[in-house]
Structures are given as structure tokens and as C-alpha cells.
Amino acid sequence: SCCGSDTECGTHSPRPTQPLYEVLTPQFCNPRKNPRPVVASRHPIKTPLISTQPKGATGALNLTEEEKRTLLCEGYSIPSRLPLTKAEEKTLKKVRRKIKNKISAQESRRKKKDYMDALERKVERLSTENLENKRRIEVLQSSNSQLLLQLQRLQHSVEQDEKYRIRSTPIATLLA
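Residues numbered from 1 in each chain as written. Predicted model: local features only at pLDDT ≥ 70, side-chain atom pairs only at ≥ 80, totals over all residues. Heavy atoms only, no water.

## Considering the layout of surface pockets
No. 1: Size it by volume and the largest pocket reaches roughly 450 Å³.
No. 2: Looking at the largest pocket, it is lined by 17 residues, and the ones nearest its centre are Q53, K55, L84, E89 and R96.
No. 3: No other element matches the six residues that helix 2 (residues 86-168) contributes to the lining of the largest pocket.
No. 4: Among the residues making up the lining of the largest pocket, the classes are represented as seven nonpolar, four polar and six charged. (1 Å grid on protein atoms, 1.4 Å probe; cavity = no way out; pocket = protein on both sides within 12 Å on 5 of 7 lines; lining within 4 Å. Points joined across faces, edges and corners; volume = space filled by probe spheres on them. Helix = DSSP H or I, 4+ residues; strand = E, 2+ residues; numbered from the N terminus. Nonpolar A, V, L, I, M, F, W, Y, C, P; charged D, E, K, R; others polar.)

## Regarding a positive patch on the surface
No. 1: Side chains of K55, K86, K93 and R97 sit close together on the surface and give a patch of like positive charge.
No. 2: Residue placement: K55 occurs in the segment before strand 1 (59-60).
No. 3: By relative accessible area, which is 86% here, K55 ends up exposed. (Patch = residues over 30% accessible without salt bridge, like charges linked within 9 Å, V, L, I, M, F, W, Y side chains within 5 Å. Areas by Shrake-Rupley, 256 points an atom, 1.4 Å probe, with all protein chains shown as cover. Salt bridge = Lys/Arg side-chain N within 4 Å of Asp/Glu carboxyl O. Lys, Arg positive; Asp, Glu negative; His and termini not counted. Charge placed at Lys NZ, Arg CZ, Asp CG, Glu CD. Buried < 20%, exposed > 50% of the residue type's maximum accessible area, 1.4 Å probe, protein only.)

## Topic: helix 1 (residues 65-73)
No. 1: The complete set of buried residues in helix 1 reads E66, E67, R69, T70, L71 and C73.
No. 2: Next to the buried residues of helix 1 lie helix 2.
No. 3: Of the residues flanking the end of helix 1, it is G75, one or two places downstream, whose phi is positive at about 90°. (Contact = heavy atoms within 4.5 Å.)

## Description of the nonpolar core
No. 1: One finds L61, L63, L71, L82, L84, L92, V95 and I99 forming the largest nonpolar core, which totals eight residues.
No. 2: With three residues, helix 2 is the single largest residue contributor to this core.
No. 3: Every residue in contact with L82, bar those within four places of it in the chain, is listed here: Q53, A57, T58, G59, A60 and L61. (Core = buried A, V, L, I, M, F, W, Y, C linked by side-chain atoms within 4.5 Å.)

See below:
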């Protein structure tokens with residue numbers, strides 16, 4: 001069937017900054033013709049894509065542009081009057097289910113993208129923190145090495161002072 005939710009099949013082209021779900025023209029029907037256009041915005045869908053009619057209503061049938069577009073893409077005629085025939089009801093139910101699935105898939109992609117963006121920001125922050133910690137470790141290791149050398153010199157100096165004191169005490173001279 002035609003009417004893949006995010007690709008083109010007609011001759012119209014979308015406005016580049018307008019979110020895909022707001023572009024309700026028949027050009028987004030065949031998923032094999034062109035790659036998916038880049039969606040600039042990742043906000044939840046707020047426009048109604050499915051119409052509602054009370055049960056048993058008669059008169060004019062008000063369908064959304066998305067319903068009309070999907071019906072045309074699927075090769076069905078657009079009903080205009082209520083009550084609908086059983087076949088029209090079945091077709092409209094099928095089309096509405098497709099639209100709901102499309103919305104659900106778009107929302108899932110949006111949420112996944114938001115999640116991935118959050119993970120990428122976290123990786124960036126943790127990488128920066130890791131680099132800072134590695135630099136601190138290097139500074140601390142260098143400082144530690146210098147302090148160890150200083151400690152060794154002081155210990156050696158203390159040992160020399162003790163040897164000198166032992167040699168210069170009167171007891172040491174008496175024992176010698």
C-alpha cells in the first residue's frame with residue numbers, strides 16, 4: 001500500500017521548517033520514492049489528524065486533511081455525506097488506524113531522539129569530567145613524586161644528623 005507516514009509520492013514539496021506531521025499533502029505517500037525529509041522540530045503532535053462525528057449523525061462528513069490525504073493515497077474515494085456505508089465505515093476505520101499508528105511512530109521516534117540527545121549530552125559531560133580528572137591525577141602524581149623525593153632527602157638528612165650526633169657525643173668517644 002501507499003501512504004508511508006514520512007516519505008513522498010506526489011509533486012508538492014514541503015516547507016523545510018514545517019514539521020512533517022503538519023504537512024498534510026499527498027506527496028508523503030510512497031516510502032520508496034524519496035528519503036524522509038529532515039524534521040526541524042521534535043515537539044508532540046498537537047493538531048487533530050482524525051475527525052470525530054457523533055454516532056448516527058447525518059449530513060455532511062467533515063474529514064481532516066490527513067484523513068483525506070490517506071484515503072486518496074490508499075486509492076479510496078473520499079465520502080462526503082453521512083451515514084456511511086459499511087464499506088466506507090470499514091475503510092475510514094482502517095485509515096484512522098493507520099493515522100494513529102503513524103502518530104504513534106512519530107512520537108516514538110521523537111522520544112527516542114530526545115533520549116539519544118540526552119545521552120549524548122551526558123556522554124559529553126562525563127567525557128569532559130573524565131578528562132579533567134585525568135589532568136588532576138597527573139598533577140597529583142607529579143606532586144606526590146616531588147613530595148616523596150623531598151621526604152627521602154629529609155630522611156637522609158636526619159640519618160646524617162643522627163650519625164654525626166652519635167660520633168660527637170662523649171659516650172661515643174669513650175666507647176671507641
